[in-house]
Amino acid sequence: MNKNTGQGSVFSLFKGVPLSCILVALFLLQIFLAVGLTGYLSISNGQKAVNEVASELRREVANRVEQNLQTYLSTPRQVLRGNQNIIEMGLLKIENLATWEPYLIEQLKIFPDALALTASNEQQEYLAVEKLNDRQFLLRKASKSTGYDLYTYRIDPQGQPTQLPEVIKNYNARSRPDYQTAVTARKFSFSQIFTPLTEPTLLISASQPIYNSQGQLLGVNSTLTHLSEIGDLLQNIKVGKSGQIFIIERSGLLVASSTTEEPFRLQNGKPIRLAASQSGNSFTQAAAKYLATEFSNFDQIQSLQQLDFSFEGKRQFLEVRPFEGKPNVNWLIVVAVPEADFMGQIDRNIQTTIFLCLAALGLATILGIVTGRWITQSILYFSTAIKDLADFTNGKDSVVKVQGIKELEVLRGSFNQMAQQLRKTFTALTTKNQELELQVKQRTEELQQEIQEHINSQEKLSQHSRVLAELANHKAVFEGNLETAFKVITEKAGNALEVERVGVWLFNSDARGGLRQRTKLQCINLYERSKQRHSAGLERNLADYPIYFKALAAAHTITVTDTHTDPRVQELWNELLEPNNIVSLIDTDLWVGGEVVGTVLYEQIGIKRTWELSEQNFVSSIAEFVALTLEICDRKRAESALCEAKEVAEIANRAKSTFLKNITYELKTPLNSILEITESFQNKVYGSVSEEQHQSLNMLESSGKNLLELINQILDLTDIESSKIELQLATTSIRGLCDSSLSFVNHLAFQKNIHLSLQIPEELEPIQVDERRIRQVFINLLTNAIKFTKEGGKVWIEVQPNSTNKYIFFSVVDTGIGMLSDDLFKLFQPFMQVENSSTHRSTGTGLGLVIVQRIVELHGGTVHAESQLGKGSRFTVKLPWKKVGE
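The rules we used
- Residues numbered from 1 in each chain as written.
- Predicted model: local features only at pLDDT ≥ 70, side-chain atom pairs only at ≥ 80, totals over all residues.
- Heavy atoms only, no water.
- Helix = DSSP H or I, 4+ residues; strand = E, 2+ residues; numbered from the N terminus.
- Contact = heavy atoms within 4.5 Å.
- Pairing = 2+ DSSP bridges.
- Axes fitted to C-alpha atoms, helices over the stretch in contact; angles between N-to-C directions.
- Phe/Tyr/Trp six-rings, centres within 6.5 Å; stacked < 30°, edge-to-face > 60°.
- Buried < 20%, exposed > 50% of the residue type's maximum accessible area, 1.4 Å probe, protein only.
- Lys NZ or Arg CZ within 6 Å of the ring centre and 35° of its normal.
- Salt bridge = Lys/Arg side-chain N within 4 Å of Asp/Glu carboxyl O.
- Polar contact = N/O pair within 3.5 Å; in protein donor to acceptor, adjacent residues only side chain to side chain.

## Examining the side chain of Ser620
Position of Ser620 among the secondary structure elements: in helix α13 (residues 613–682). Beyond its immediate sequence surroundings of up to four residues, Ser620 is in contact with His556, Thr557 and Thr588.

This is the structure in structure tokens:
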């Protein structure tokens, strides 16, 4: 619409003065002031402005680099912290890396910045998953199943291999820098930059050690990142026209650069770290050399440094900032900007400004007087149109019509075009706002759906936990009642997982019921959920299904989503799976006593099923309950058999003791009569005897006494073993006990010219023992020592208490013939004698040391023997030392 012109109130201030003069004067004044001020500021403050702009730019760039690094290096910590929480919840176990593979693939989809995720444990197992693109992943693993060789191959998002594996022999993941860094730090930490074995590149890892509740190291969870990714971050940051950013370590080695240069060079196919001062980029090299000259040691740079240096005769601005925001990461961020990037633009701006000011001065002088009135009127038109344009809601069409002046007509066209464009933009913004509101609504609905799915997942976990808690407290499981326990376990597992069939299958045993043969699987209990029915008796033979049995042996858990296409169960399809419409299954091993004894099989009917990680963990827990029931059952059988054997042994022992006691009493009476008659003949009661008869009588007497000694020892041993001996404990002097024992064997030592002695500390307190029985122990040991010691030898008793006075040691030592150490175990066995060239001639029953051992054990002590052939023996009795008054 046309706008009518009128006199503006502004002209009243310059009443009587032509507008053209006012415009010319004002234009000239402004131009002179602008030119003068611009020249002054350009000359006096130009360099200051350059310095401030350069400083601000460097600081801003360094801030962006630092923020990007902080954000980039925070991702590994978030990933590893989440994994640690899952491990503490028991959803993953670092000791079983087989369950980690699908989890790491899903995690890489969520965190695309992580190049690779790895897990390794103290059993030398290693698993790494690297994201190549949205459809392919790189899997590396080493475990017992691979012979601890590293297998590398590509896989799809479902974990299926898409190429043959590459193998690295004898791979030890615990020697990797990420593993060693985590073990040394004992907490989350970044490793030093290192070179992998698998490809020519440089990596840095973030590692988190995993410990059990006792503080024992179980393994390490890590992320791996190419240094080239940090270089990509730097390349996305613009630093003037030709400025550069690079990151170095305190050692001067290059970490990353905003140029396309790699921070390493290849030597014999292996990457070698590159120092920044040796960079192929001349600008980077010059900046690094200047820093090396300015700071003799980069460790001196502890705060922000803003410097400048000369390169190719031109001034260069330089900023160095330490980056120490992460554990074990101590880098320097270097930002270098040429001064020419700022001065060139400033010089051009000054020239342009002066030129425009001069042109405006001439134009104002020529046209000011002529066009003053027209311009004023046109300004009023535009002012009114702008007011209408400011409010789009009034519905007015803000169109300006100005004629007569070409510049104003151009301005009119521009203004009208701008008004139309603004109106279109306003309409577009309104439409876009509506679209955004619709998108927000849709996203809200999606989030609600995700929340519902999360709630459903939590409900499943809660249900699984309740089932496991019920099984943990079920009586049949801990009583080893296989039939009842298996029924309860299969029913609860089937209902919790909502699967049709749950079965417990065990491998066949050998003929004696011992080791599992693994040639046949026998169904012990099969629960069908829809029919509420239990059955047993089905069998699967190794000869009929070799691939299936091989898969069971190779994997702890077989997870099958589509039984029709999975090669591990194809042998079962025609005969077992298709007739029963089994489309998905999961099969987990049963471990008892360190061996696989069977499996628990879950079968889905009708609709294919993808088994979730929580469901796989649940079936593993169910398998542990089945294995626990089997172990308890086996233990109860073993305990029953042991009790029966013990009863039989006790009955036999009592029968033996009764027999020995009766027979020895029966032998003792006639033997005493024989000895009395022999003594009467020797005393010539029945007349004189010849020399030959006298010798025969002596031999008869000696044999009878030996036989009587044997009978008495058998009676003593029988009484001890039948627990008929009751100790008569009394306070006994230790020195008196030793002296009386030595006195008893003094005549035997005198006959062989053997020196007897006692080595005992002074003022030992008495001991609570059965004095007669302990004296019998010492006499037996001293008699044996004298018997096996040659004429002129030595036999002595040593007495020594221990440091706490809780026990006291009595040692009978001789310088006799000794024995081999291999024969010592025979000494305390009934009727056993150690024979050599000397002992073969000695008489004995073989029961003396057995009785010694039994008597000492009745006192709560022990007997220990030491001997060396040809140098003597030492028999040590250890007794509790109960002081008087305690």
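Once you've had a look at it, read on.
## So, the sheet that holds strand β24 (residues 755–759)
Strand order in this open sheet of five strands is β24-β26-β27-β29-β28, and the pairing throughout is mixed. Of all strands in the sheet, those bounded by a partner on one side alone are β24 and β28 (862–868). For this sheet, the mean inter-axis angle between neighbouring strands, taken without regard to orientation, is 15°. Note: strand β27 (residues 807–814) against strand β29 (residues 872–880), eight bridges, orientation antiparallel. Within the sheet, the bridge partner assigned to Tyr807 lies in β29 and is Pro880. Of the strands in this sheet, β24, β26 (794–801) and β27 touch helix α15 (residues 734–744), which is tilted by about 175° from β24. Packing against the sheet, helix α17 (residues 771–787) makes contact with β24, β26, β27 and β29, and its axis sits at approximately 25° to β27.

## Brief notes about the packing of aromatic side chains
Inspection of every chain in the model, using the stated rule, returns nine aromatic pairs. Between Tyr126 and Tyr171, the aromatic rings sit 5.4 Å apart at their centres with planes inclined by 50°, giving tilted as the arrangement. In this pair, Tyr126 is assigned in strand β2 (residues 126–131) and Tyr171 in the loop between β5 (166–168) and α4 (177–185), connecting sequence segments 45 residues apart. Among the residues examined, Tyr126 registers a relative accessible area of 3% and is labelled buried. Judged by its relative accessible area of 7%, Tyr171 falls in the buried class. Ring geometry for Phe188 against Phe190: centres 5.5 Å apart, planes inclined by 80°, an arrangement best described as edge-to-face. Through successive ring pairs, a cluster of aromatic residues spans Phe507, Tyr548 and Phe549. When the ring centre of Trp505 is taken as origin, the NZ or CZ atom of Arg540, which lies over that ring, is 4.6 Å away. Its guanidinium or amino end placed over the ring of Tyr807, Lys878 lies 4.2 Å from that ring's centre, counting from NZ or CZ.

## Focus: the pattern of salt bridges
For the structure shown, the criterion picks out 24 salt bridges. Between Asp308 and Arg315 there is a salt bridge, with its nearest N and O atoms 3.7 Å apart. Judged by its relative accessible area of 36%, Asp308 is partly exposed. Here Asp562 makes a salt bridge to Lys608, at a shortest N to O gap of 2.9 Å. On the criterion of sequence distance, the pair formed by Asp562 in the loop between β20 (557–560) and α12 (573–577) and Lys608 in the loop between β22 (595–605) and α13 is long-range, its members being 46 residues apart. Judged by its relative accessible area of 18%, Asp562 is buried. Where salt bridges share partners, they join Glu66, Glu319 and Arg321 into one cluster.

## Observations regarding the side chain of Gln604
Mapped onto the elements of the fold, Gln604 is located in strand β22. You can call Gln604 buried: its relative accessible area is 13%. Within the local environment of Gln604, its side chain forms a polar contact with the side chain of Arg609, the two groups lying 3.2 Å apart. Ignoring anything within four residues of it in the chain, the contact list for Gln604 reads Glu498, Val499, Asn581, Ile582, Val583, Ser584, Arg609 and Trp611.

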